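These are the residues of each chain, in order.
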Amino acid sequence: MINSYLNHNFFILFFIFIAQLFAPKIYILNQSIATDLFLVYLTYLSTHNSRSNIIILGFMFGFVQDMITQYELLGLFAMTKTSIGFILGSLNNYNKIWNKKIKMLFLFLTYLLHFIISSYLMYDRTLTPISYILQLSFMQSIWTFLVVCVINKFILIDNKIIN
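Residues numbered from 1 in each chain as written. Predicted model: local features only at pLDDT ≥ 70, side-chain atom pairs only at ≥ 80, totals over all residues. Heavy atoms only, no water.

**As for a nonpolar patch on the surface**
A cluster of nonpolar side chains, contributed by Ile56, Phe59, Met60, Phe63, Met67 and Leu74, occupies part of the molecular surface with about 600 Å² of accessible area. Within the secondary structure layout, methionine 67 lies in helix H3 (residues 51-69). (Patch = residues over 30% accessible without salt bridge, like charges linked within 9 Å, V, L, I, M, F, W, Y side chains within 5 Å. Areas by Shrake-Rupley, 256 points an atom, 1.4 Å probe, with all protein chains shown as cover. Salt bridge = Lys/Arg side-chain N within 4 Å of Asp/Glu carboxyl O. Helix = DSSP H or I, 4+ residues; strand = E, 2+ residues; numbered from the N terminus.)

Next up, the structure:
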């Protein structure tokens, strides 16, 4: 039973790894937005696992994402995914208490914080204005939240993120 559960999760993680590697960028208003599938999967796992497991998984997902996307800033996504894993760990603690609107607001604000931190550290602040970083983070948060909503509505049948 446990072995099949681990094989199932390993298959999903391998699929997400390949999808993240080849995920296309979306261009909106001269800005490119990439789908952060590791963050979406971390959100899903946060509804079924403890906070400490999500923190460890967040670090591992972030480190893998650092190796895939940007080796110049090694550790950036590991740090942000670890801190967001801590915040997303609250989703499991309050899953039965919070209603749907509060969960949606919590997820959107968590994504916004993730993208603000990672964008702020990724771009050179002497050349990139803060307004650009905030605008890009807001658009990435909306896109990631929409992806989570679509997955929640059409793919997840029993184990929904937002119910």
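**As for the side chain of aspartate 36**
By the element assignment, aspartate 36 lies in the loop between strand E2 (31-34) and helix H2 (37-46). Apart from the residues lying within four places of it in its own chain, the contact partners of aspartate 36 are Gln20, Gln65, Lys81, His114 and Phe115. (Contact = heavy atoms within 4.5 Å.)

**Section: the pattern of salt bridges**
On inspection of all chains with the given rule, the structure shows 1 salt bridge. For lysine 81, the salt bridge goes to aspartate 36, with nearest N and O atoms at 2.8 Å. With a gap of 45 residues between them, lysine 81 in helix H4 (residues 76-93) and aspartate 36 in the loop between E2 and H2 connect regions that are remote in the sequence. For the pair shown, lysine 81 and aspartate 36 are each scored as buried. (Buried < 20%, exposed > 50% of the residue type's maximum accessible area, 1.4 Å probe, protein only.)

**So, the environment of leucine 74**
Its location among the elements puts leucine 74 in the loop between H3 and H4. Placed 45 residues apart in sequence, leucine 74 and serine 119 show a C-alpha to C-alpha distance of 14 Å. Not counting residues up to four positions away in its chain, the partners in contact with leucine 74 are Phe63, Asp66 and Met67.

**With respect to helix H6 (residues 130-155)**
Its 26 residues place the ends of H6 36 Å apart at the C-alpha level, agreeing with the 38 Å of an ideal helix rising 1.5 Å per residue. For H6, the set of buried residues is Ile133, Leu136, Ser137, Met139, Gln140, Ser141, Thr144, Phe145, Val147, Val148 and Asn152. Next to the buried residues of H6 lie strand E1 (25-28), E2, H2 and helix H5 (100-122). (Expected span 1.5 Å × (residues − 1).)

**Side note on the packing of H4 against H5**
Axis separation between H4 and H5 bottoms out at 10 Å; the angle between their running directions is 165 degrees. Relative to H5, H4 is oriented roughly antiparallel. The two elements H4 and H5 cross, and the hand of that crossing is right-handed. Across from Leu76, Phe77, Met79, Thr80, Lys81, Ile84, Ile87, Leu88, Ser90 and Leu91 in H4, the residues of H5 making contact are Lys103, Phe106, Leu107, Thr110, Leu113, His114, Ile117, Ser118, Leu121 and Met122. Among the residues forming the contact of H4 with H5, the class breakdown is 13 nonpolar, 5 polar and 2 charged. (Axes fitted to C-alpha atoms, helices over the stretch in contact; angles between N-to-C directions. Parallel < 35°, antiparallel > 145°, perpendicular 65-115°, else oblique. Left-handed = near helix turned anticlockwise from the far one by under 90°. Nonpolar A, V, L, I, M, F, W, Y, C, P; charged D, E, K, R; others polar.)

**Concerning the nonpolar core**
Core analysis: the largest hydrophobic core is formed by 24 residues, its most contacted members being Leu39, Phe61, Leu88, Leu107, Tyr111, Phe145 and Ile161. When residues of this core are traced back to their parent elements, those giving at least two are H2, H3, H4, H5 and H6. In terms of residue count, the dominant contributor to this core is H2 (7 residues). Discounting residues that sit within four places of it in the chain, isoleucine 161 has contacts with Thr43, Tyr44, Thr47, Leu91, Asn95, Lys103, Leu107, Val148, Asn152 and Leu156. (Core = buried A, V, L, I, M, F, W, Y, C linked by side-chain atoms within 4.5 Å.)

**Remarks on the pairing of E1**
In the sheet, E1 pairs with E2 via 4 bridges, with the strands oriented antiparallel. Following the sheet pairing, tyrosine 27 is matched in E2 by serine 32. In this antiparallel pair of consecutive strands, E1 and E2, the connection spans 2 residues, and leucine 29 shows a positive phi of 55 degrees. (Pairing = 2+ DSSP bridges.)

**Describing the packing of aromatic side chains**
Overall, the coordinates contain 9 aromatic pairs when judged by the stated rule. The structure contains a cluster of three or more aromatic residues connected by ring pairs, namely Phe38, Tyr41, Tyr44 and Phe61. When the ring centre of phenylalanine 86 is taken as reference, the NZ or CZ atom of arginine 51 above it lies at 4.4 Å. (Phe/Tyr/Trp six-rings, centres within 6.5 Å; stacked < 30°, edge-to-face > 60°. Lys NZ or Arg CZ within 6 Å of the ring centre and 35° of its normal.)

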